[in-house]
Amino acid sequence: MPGRSPAARFEGTLIRRGDRAYDSARAAAVWNGLKPERFPEVIVRAASERDVAEALSYARSEGMRVSTRSGGHNWSGSQLRDGSLLIDLSGLRQCSIAPGTMTATAGPAATGQDLVRALAPYDLAFPVGHCPSVALGGFLLSGGLGWNSRAWGPSCADVLEIRVVTADGRTLTCSEAENADLFWAARGAGPGFFAVVTRFRLGLHPHPGAIVTTGLTFPLSAAGPVAAWAEGVARELPVNVETAFVLTASGEPTATAPPGPRILLAMTAFATTHDEALAALSPAASCPFADSAVLVRAPEPTSFARLHQGADAAWPSAHRYAADTLWSAETYETQLTRMAAAVAHAPSGKSLVLAPVQPVSEDPALLRNMAFSPLGESYLVCYAVWTDPAADGTNARWLRDAMASADPSGRGGRYIAETDLEADASRARRSYAPADWERLQELKAAWDPENVFHSYLAP
Ligand SMILES: Cc1cc2nc3c(=O)[nH]c(=O)nc-3n(C[C@H](O)[C@H](O)[C@H](O)COP(=O)(O)OP(=O)(O)OC[C@H]3O[C@@H](n4cnc5c(N)ncnc54)[C@H](O)[C@@H]3O)c2cc1C
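Note that the structure is a prediction, hence the values are computed from the model and not measured.

Visitor: When you look at the packing of helix α10 (residues 332-344) against helix α12 (residues 392-406) in this model, what are you seeing that I'm missing?
Guide: Packed helices, taken two at a time, are described by the angle between their axes plus the distance between the axes. In contact at an axis separation of 9 Å, α10 and α12 are set at 155° when each is read in the N-to-C sense. Between α10 and α12, the angle falls in the class roughly antiparallel. α10 and α12 meet at a crossing whose hand is right-handed. For the pair formed by α10 and α12, the contact residues are Q335, R338, M339, A342 and V343 on the first element and W398, A402, M403, S405 and A406 on the second.

Have a look at this one:
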């Protein structure tokens, strides 16, 4: 509308670089305490889907490129781009459940915790991300390795339909039947997606009758043998058992051991009954190294909410982070022996490595029609976690060195949700099977021919 001020176009807020609200809006766009030195020109806090279309129209008219954020959890802060218009979707956080159809409708900024809370009155569940604060937007767009994904598949397998605003300002519905190519891309393209998702419709699962978890903690020096034994066991367990190793630089003291670096073997069963869960977890009790464990946690009932609390403690907010992932053809024994050596010398005691065994279902039916795919036999994520800004360089270098030791050929696969996008120019490409990467490039050219949306962050 001629004569109208740009701010008046929006139900939400338009913030320019230099405005009083700018610094806090820019900082809030990145959950990581380490904020990249990149500065959008304009931030639009969208209050509605219409605001998103309006923001795109304004950006095009001003010749600005566009980036998007939902929960701001991308570790590399790829949502912050110099000179761009940032569409901040944090206001689109509604979440509602339709128990009759076993579906949920959620805004992109709704978090895993929001969804768990909304589902609480019903006997229904969803493979939410492991940490409570992760928003559905970037998580589902990346594929989503959530709780019980070994049984339920990547979380994006449960996306039934999305609403998007495209680069040319159209509002569309996408599903397997409608705009199917954009829907395919929305299930895995992650921070390179070339439209804005304003709403997800999700399929839900019957809530497990019993969630039971158990854990054995060993000195980090036992990482190789423990991983060799546990990988074999974990692969034979029913798919509703999630097994993960966590390597920490500084473990708490226990009744039998002083503080020190540790490897935790955690197993969680999402079963129909408590007895079924106990039976599924029973191999943990016959671990041949149990005598050398410094802590044994007997199987205990838990819930999605309590699993979230545990993860929140390991990945606290207001810390500085650098993260990277690796899919590899190597065994967990090889990879965790390498990572144990790195963790033992981590400059920060808060740093850790997470290595879930077979983190996602291998059932082709749960991996069909999506850009996401698992890319190796073993998988790990390494996190440098620290608080002192003066230690930024040391910790960032430690992460890169640790990951280089796990991937000597430099040809390993990555997971787009948590890879260190600025480590080298091939990070995004290596997050996809070659044919899927080609198709993503073709679809980006078709749906965003003028390159309105920023693509993957690179060095
Ligand atoms: C503490 C923590 C725990 C994590 N745990 C897990 C986990 O268990 N499993 C897992 O798979 N991942 C996990 N991740 C990674 C997480 O899935 C990604 O960081 C994801 O991007 C977070 O979503 P977000 O909406 O907060 O992302 P944002 O940082 O807001 O967005 C990242 C990018 O995604 C794109 N994007 C986001 N929303 C939209 C949208 N609505 N429309 C179009 N594009 C959009 C944009 O390109 C944006 O730049 C974790 C991350 C953190 C920080």
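From this point, things continue past the structure.
Visitor: I keep staring at the sheet that holds strand β3 (residues 66-69) and nothing clicks. Help me out?
Guide: In a beta sheet, neighbouring strands are held together by backbone hydrogen bonds and run either parallel or antiparallel to one another. The strand order across the open sheet formed by four strands is β1-β2-β4-β3, and the pairing between neighbours is mixed. Whereas interior strands pair on both sides, the edge strands pair on one side only; in this sheet they are β1 (13-16) and β3. Looking at each pair of strands side by side, their axes are set apart by 20° on average, direction ignored. For strand β2 (residues 42-45) and strand β4 (residues 85-88), the ladder comprises four bridges, and the chain directions are parallel. When the sheet's bridge partners are listed, R45 is paired in β4 with D88. Across the sheet, helix α2 (residues 49-62) lies against β1, β2, β3 and β4, angled at about 180° from β4, the strand it touches most.

Visitor: Even after reading the chapter, I still don't get the side chain of T103, so can you show me in this structure?
Guide: Within the secondary structure layout, T103 lies in strand β6 (residues 103-106). Judged by its relative accessible area of 9%, T103 falls in the buried class. Separated by 2.7 Å, the side chains of T103 and T101 make a polar contact. Residues within four places of T103 in sequence aside, it is in contact with S96, I97, A98, L160, R201, L202 and L204.

Visitor: Help me out: how do you make sense of the sheet that holds strand β18 (residues 378-386) in this one?
Guide: Strand order across the open sheet formed by seven strands is β15-β12-β14-β13-β17-β18-β16, with antiparallel pairing between neighbours. With partners counted over all chains shown, the strands left at the sheet margins are β15 (295-302) and β16 (320-328), one partner each. Strand-to-strand, the axes of this sheet are offset by a mean angle of 15°, without reference to chain direction. As paired strands, β16 and β18 are joined by nine bridges and run antiparallel to one another. Its bridge partner lying in β18, A322 is registered against A384. α10 rests against β13 (241-251), β14 (260-271), β16, β17 (352-356) and β18 of the sheet, and its axis sits at about 25° to β13.

Procedures and definitions
Residues numbered from 1 in each chain as written. Predicted model: local features only at pLDDT ≥ 70, side-chain atom pairs only at ≥ 80, totals over all residues. Heavy atoms only, no water. Axes fitted to C-alpha atoms, helices over the stretch in contact; angles between N-to-C directions. Helix = DSSP H or I, 4+ residues; strand = E, 2+ residues; numbered from the N terminus. Parallel < 35°, antiparallel > 145°, perpendicular 65-115°, else oblique. Left-handed = near helix turned anticlockwise from the far one by under 90°. Contact = heavy atoms within 4.5 Å. Pairing = 2+ DSSP bridges. Buried < 20%, exposed > 50% of the residue type's maximum accessible area, 1.4 Å probe, protein only. Polar contact = N/O pair within 3.5 Å; in protein donor to acceptor, adjacent residues only side chain to side chain.

Just distances and angles here, no functional claims.
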